[in-house]
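So the chains spell out like this:
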Amino acid sequence: MTTSPPDSVRLADTQLYRVTDAMRLLRMSRTVIYDQIRTGRLRSVKQGRARLITAGAIRDYIALLEKEAEEAA
């Protein structure tokens, strides 16, 4: 009997995230995620009707937050 890996393992291997996955990863609300997308701080792509966020966009967004935190200190 095989069991599926925990969510954190599956998400770590993912290259495209749905908004709900990004919400979990970044620990932000849906409103904040869409606001960050709208302002261009968090890049996303569309596939059909789905809004997807690339793994690279999430890494870049985290780097942006870290840079802003350093500048504020």
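The chain appears in an unreviewed UniProt entry as Helix-turn-helix domain-containing protein from Nonomuraea insulae.

Q: How would you sum up the side chain of Gln-36? Please name residues and give values.
A: Following the sequence through the fold, Gln-36 ends up in helix α3 (residues 30–38). Residue contacts for Gln-36: discarding those within four places in its chain leaves Arg-41, Leu-42 and Tyr-61.

Q: With reference to specific residues and values, describe the environment of Ile-53.
A: You can see Ile-53 is positioned in strand β3 (residues 50–54). Sequence separation of Ile-53 and Arg-18 is 35 residues, and the distance between their C-alpha atoms is 6.4 Å.

Q: Give a detailed account of helix α2 (residues 19–26), specifying residues and quantitative values.
A: The complete set of buried residues in α2 reads Val-19, Asp-21, Ala-22 and Leu-26. Down the axis of α2, the buried set is contained in an arc of 155°. They therefore lie on one face. Where α2 terminates, the next one or two residues include Arg-27, which has phi positive at roughly 55°.

Q: Could you give me a rundown of the sheet that holds strand β2 (residues 45–47), with the residues and numbers involved?
A: An order of β1-β3-β2 is seen for the three strands of this open sheet, with the pairing classed as antiparallel. Two strands close off the open sheet at either side, each with one partner strand: β1 (16–18) and β2. Between one strand and the next, the sheet's axes are offset by a mean angle of 45°, whatever the strand orientation. Bridge count between β1 and β3: three bridges; the pairing is antiparallel. From the neighbouring strand, Arg-18 faces β3, where its bridge partner is Leu-52.

Q: Provide a residue-level description of unusual backbone geometry, including the pertinent values.
A: In most cases, non-glycine residues show a negative phi, while peptide bonds are predominantly trans. Its identity as a non-glycine residue notwithstanding, Arg-27 has a phi of 55°, on the positive side. When you line up the elements, Arg-27 lands in the loop between α2 and α3.

Q: Talk me through the nonpolar core; I want residue IDs and the actual numbers.
A: If you look at the biggest cluster of nonpolar residues, it comprises twelve residues: Tyr-17, Val-19, Ala-22, Leu-26, Ile-33, Ile-37, Leu-42, Ile-53, Ala-55, Ala-57, Ile-58 and Tyr-61. If you list the elements that add at least two residues to this core, you get α2, α3 and α4 (55–72). If near-sequence neighbours (up to four positions away) are discounted, Leu-42 is found in contact with Leu-26, Ile-33, Gln-36, Ile-37, Ile-53, Ala-57, Ile-58 and Tyr-61.

Q: Describe α4, listing the residues and the values that go with them.
A: Taking 1.5 Å of rise per residue, the 18 residues of α4 would be expected to cover 26 Å, and the 26 Å separating its terminal C-alpha atoms lies within 8% of that figure. Among all positions of α4, only Ala-55, Gly-56, Ala-57, Ile-58 and Tyr-61 are buried. Where α4 is buried, its residues meet β1, α2, α3 and β3.

What counts, and at which threshold
Residues numbered from 1 in each chain as written. Predicted model: local features only at pLDDT ≥ 70, side-chain atom pairs only at ≥ 80, totals over all residues. Heavy atoms only, no water. Helix = DSSP H or I, 4+ residues; strand = E, 2+ residues; numbered from the N terminus. Contact = heavy atoms within 4.5 Å. Buried < 20%, exposed > 50% of the residue type's maximum accessible area, 1.4 Å probe, protein only. Arc of directions from axis to C-beta. Pairing = 2+ DSSP bridges. Axes fitted to C-alpha atoms, helices over the stretch in contact; angles between N-to-C directions. Core = buried A, V, L, I, M, F, W, Y, C linked by side-chain atoms within 4.5 Å. Expected span 1.5 Å × (residues − 1).

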